[in-house]
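Coordinate inspection notes
Chain residues, written in single-letter form:
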Amino acid sequence: MKVEGRALPWLLLAPALAATVLLVLAPVMETLWLSLHDVILYRPRSRPFVGLANYLALLDDPAFWESLGNSVIWVIAAVSLQFLLGLGAALLLNRQFAWRGIARALVIVPWALPSVIIGLVWTWMLDFNLGILNQVGVRLGLLDAPVAWLARPDTAMAAVILAVVWQGFPFFTVTLLAGLQGIPREHYEAAAIDGAGRFASFRHVTLPGLAPVIATALLLRMIWVANSLDLILVMTGGGPGTATQTLPLYAFLRAWSGANYGYGSALAVVLTLMLLSVVVTYAVRSARERSA
Amino acid sequence: MKRLRLLLGTEVPVACILAFALFPWLWMMLSSFRPDEDLTRSPVRIIPGALTLVHHIELLQRTSFLDNLRDSFVVATGAVMLGLLLALPAAYAFSRFRFPGRRALRVQFLVVNMFPVVLLVLPLFIVMRTLGLLDTYLALIMGHATFTLPFAIWLMTSYIDGIPGDLDEAAMIDGATRMQVLRMVILPLVVPGLVAVGIYLFIASWNEYLFALMLAGRNVRTVTVALQMFIGENEIHWGLLTAGGTVVALPATVLFLLVQRRLVGGLTGGAVKG
């Protein structure tokens, strides 16, 4: 009984662990291994070991640096806009008004939709001839003429960012709203007694109260946005040219269309290492704050 | 005066945000009911001249969309069952036992969530091809269930944490083994949790695209892949596409609205605890 007691949690965890090792950790190791080889998909028998050659090639690859730059713009713009819009919505939905319940439920809708459909809807709305946005823009005098948003290198990135902001802002609304509800009312009352106005109580009560939720939500979203490629894949495929090609998309395209698994794997590994460094920095900092 | 301030300061901005959140979705639905003359017309008419079901009918009769819906349904249902089967015992172990390595393991499950899908999907493609599982239900079910496992376990653990441990002990004093406790005490009490986690798994699988594209796509073609292929054709048929989008978005949206509060609770519980 005693022995069974000690082994039991491991027995219960075994299926989940086995699945994770088999379908996540093993593939990750495999990718690391592949990245050290010259692997061409339709030439499965010969995969010579090339050491770090793929990683060195990457340094001289202008497309890599360009995708990295695109990724930085994509992540910073998407996450900050999602956050600001989500925070604004959360603050508004935290106030009292009659139809608050319905508003809180409906604001989540974009989050529930598949990326493919979101890409499709925005492609439709941004269409040059038939899109509603060009139509409304022209009619209101905001645009002189319809713009081929997704076909122009200077507007394509902004267009896909618009779509991902739409998709992702409800996540912030929902998490920040839960965080707002966790701030005790007494703190606001105390601030009011001390003569704090609206802005002061936002700065000294709301923001500090929300800080841990904001930090975690930003981190989770950043990882998600940095990794996500399906929305861009559907809307522009990385184009026009390479205007919207982010790092994961470049890795995917090199491995898949280019059939160069070794190089694609090296790109995926580099992306993972970058994200890992962000996560580790965050973990170390929050651990230090907790112990301080 | 107070009423006016509420209206201008709160209700109007909220209405604007809701309009932003809902407009694309409503526009897609509306487009799917408009005749082709309306959809191919420039300048666009915002108010439709007529409404029609032709695109929905064509979608179901002339394309493989019904098969795609069936494939998506089979994969998502399989992912729910496999996911729950893996998550429930793991969550029970995390909730009821204190053992060395427990914390590290819980963190490990979250770190797994961080790996880019591209990183996993490339080697998984090779693995599945070697196993002969490429383009089968099983490949997608396994992929989806595993990839959603970390959050499923996290959510499930918080549900089991909510069931008092005294119940387990009382049952064991009466001679039940741990497995009997899990089956006869925990399982009936945790049904709401199973429903919430199950719905999460269903939506995640139903909406997923990249695995479905890479690990299947020919014999087993889910709706997301099928819709994307409609776009790939030379002339985009927006009526069919928006009709397909409307049909696919419906189950996910309805299910999401049903369990949003529970999912959000689990999610933010995780976020707040860090």
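On a predicted model such as this, the values are computed, not experimentally measured, just so you know. (Residues numbered from 1 in each chain as written. Chains lettered and ligands numbered in written order. Predicted model: local features only at pLDDT ≥ 70, side-chain atom pairs only at ≥ 80, totals over all residues.)

1. Here's the deal with the overall build of chain B
For chain B, the helix and strand inventory stands at 13 helices and zero strands. Sequence-ordered secondary structure for chain B, helices as α and strands as β, is α-α-α-α-α-α-α-α-α-α-α-α-α. When the 274 residues of chain B are sorted by exposure, 46% land in the buried category. Within chain B, contacts between residues at least 6 apart in sequence are counted, and of these 77% link residues at least 24 apart. (Helix = DSSP H or I, 4+ residues; strand = E, 2+ residues; numbered from the N terminus. Buried ≥ 20, exposed ≤ 12 C-beta atoms within 10 Å, placed from the backbone. Contact = placed C-beta atoms within 7 Å.)

2. Brief notes about the overall build of chain A
Each helix and strand counted, chain A has 13 helices and zero strands in total. Taken from the N to the C terminus, the helices and strands of chain A come in the order α-α-α-α-α-α-α-α-α-α-α-α-α. By principal-axis analysis of the C-alpha atoms, chain A measures approximately 75 × 75 × 35 Å. Across the 292 residues that make up chain A, the buried fraction comes to 43%. Sequence separation of at least 24 residues holds for 66% of the intrachain contacts in chain A that already meet a minimum separation of 6.

3. Quick look at the UniProt feature "transmembrane region" (unreviewed entry) in chain A
All names here are of chain A. Per the UniProt record, "transmembrane region" (unreviewed entry) is found at residues 7–29, 72–93, 105–125, 156–180, 205–226 and 261–284. End-to-end, the C-alpha atoms of residues 205–226 are 31 Å apart, and along that stretch the chain is 100% helix and 0% strand. Structurally, residues 261–284 comprises 100% helix and 0% strand, and the distance from its first C-alpha atom to its last is 34 Å. (UniProt positions renumbered as here; feature names shortened; annotations may be inferred.)

4. Some words on the UniProt feature "transmembrane region" (unreviewed entry) in chain B
Mapped onto this structure's residue numbering, the UniProt feature "transmembrane region" (unreviewed entry) falls at residues 12–30, 73–95, 107–131, 137–160, 181–203 and 238–259 of chain B. Across residues 107–131 of chain B one finds 84% helix and 0% strand; the C-alpha atoms that close the span lie 30 Å apart.

5. A short note on the interface of chain A and chain B
Across the contact, 71 residues belong to chain A and 70 residues belong to chain B. Here the side of chain A that touches chain B takes 15 residues from helix α1 (residues 2–34) of chain A, the largest share from any one element. Residue classes in the side of chain A that touches chain B are distributed as 54 nonpolar, 14 polar and three charged. (Nonpolar A, V, L, I, M, F, W, Y, C, P; charged D, E, K, R; others polar.)

6. What about the packing of helix α8 (residues 156–181) of chain A against helix α10 (residues 198–227) of chain A?
Residue and element names in this part refer to chain A. Interaxial distance between α8 and α10 falls to 10 Å at its minimum, and their mutual angle equals 155°. As far as their axial angle goes, α10 and α8 are roughly antiparallel. Seen from above, α8 lies across α10 with right-handed handedness. Contacts from Val164, Gly168, Phe171, Phe172, Thr175, Leu176, Gly179 and Leu180 in α8 reach Leu210, Val213, Ala217, Arg221 and Val225 in α10. Residue classes in the contact of α8 with α10 are distributed as nine nonpolar, three polar and one charged. (Axes fitted to C-alpha atoms, helices over the stretch in contact; angles between N-to-C directions. Parallel < 35°, antiparallel > 145°, perpendicular 65-115°, else oblique. Left-handed = near helix turned anticlockwise from the far one by under 90°.)

7. What about the environment of phenylalanine 73 of chain B?
All names here are of chain B. Relative to the assigned elements, phenylalanine 73 resides in helix α4 (residues 65–96). On the basis of neighbour count, phenylalanine 73 is assigned to the partly exposed category, with 16 C-beta atoms found within 10 Å. Through-space distance from the C-alpha of phenylalanine 73 to that of aspartate 36 is 30 Å; in sequence the pair is 37 residues apart.

8. Looking at the domain arrangement of chain A
Residues and elements named next belong to chain A. Examined at the domain level, chain A breaks down into domain 1 (70–245) and domain 2 (246–292). Relative to domain 2, the C-alpha centre of domain 1 lies at a distance of 23 Å. Each side of the interface is counted separately: domain 1 has 13 residues, and domain 2 has 10 residues. Of all the elements in the fold, those that place two or more residues in the side of domain 1 that touches domain 2 are α3 (62–93), α10 and α11 (230–235). If one sorts the elements of the side of domain 1 that touches domain 2 by residue count, α10 sits on top with five residues. A breakdown of the residues in the side of domain 1 that touches domain 2 according to their chemical character gives eight nonpolar, five polar and no charged. (Domains from an automatic or database assignment.)

9. Some points on the UniProt feature "domain: ABC transmembrane type-1" (unreviewed entry) in chain A
Within this numbering scheme, the UniProt entry marks residues 68–284 of chain A as carrying the feature "domain: ABC transmembrane type-1" (unreviewed entry). Between the C-alpha atoms that bound residues 68–284 of chain A there is a distance of 25 Å. The span itself is 74% helix and 0% strand.

10. Notes on the environment of alanine 91 of chain B
Residue and element names in this part refer to chain B. Relative to the elements of secondary structure, alanine 91 occurs in helix α4. In the structure, alanine 91 is positioned 66 residues away from threonine 157 in sequence and 4.5 Å away in space, judged by C-alpha atoms. Setting aside its immediate chain neighbours within four residues, alanine 91 contacts Ile153, Met156, Thr157 and Ile160.

11. A short note on unusual backbone geometry
Each neighbour pair has its own omega, and for glycine 239 of chain A with proline 240 of chain A the value is -5°, a cis peptide bond. Turning to its location among the elements, proline 240 of chain A is positioned in the loop between α11 and α12 (247–256).

12. Description of the packing of helix α13 (residues 261–291) of chain A against helix α6 (residues 117–131) of chain B
When two helices pack together, you describe them by how their axes are tilted relative to each other and by the distance separating the axes. Here α13 of chain A crosses α6 of chain B at 150°, and the two axes come no closer than 9 Å. With respect to each other, α13 of chain A and α6 of chain B are oriented roughly antiparallel. In terms of crossing hand, the pair formed by α13 of chain A and α6 of chain B is left-handed. Contact residues: α13 of chain A offers Tyr261, Gly264, Ser265, Ala268 and Thr272 of chain A, while α6 of chain B offers Val118, Leu119 and Leu122 of chain B. Grouping the amino acids of the contact of α13 of chain A with α6 of chain B by side-chain chemistry returns five nonpolar, three polar and no charged.

13. Side note on the confidence of the model for chain A
Summary statistics for chain A give a mean pLDDT of 89 and a share of 98% for residues scoring 70 or more. Averaged pLDDT values for the elements of chain A fall to 85 in α1 of chain A and rise to 96 in α3 of chain A. (pLDDT = per-residue confidence, 0-100.)

14. Observations regarding the confidence of the model for chain B
All names here are of chain B. In the predicted model, chain B carries a mean pLDDT of 87, and 94% of its residues have values of at least 70. Looking across chain B, the model is least confident in helix α13 (residues 238–273), with a mean pLDDT of 76, and most confident in α4, with 95. Confidence drops under pLDDT 50 across residues 270–274; counting only partners more than four residues distant or on other chains, this segment forms 12 contacts. Interface scoring of the predicted complex returns ipTM 0.88; its pTM is 0.89.

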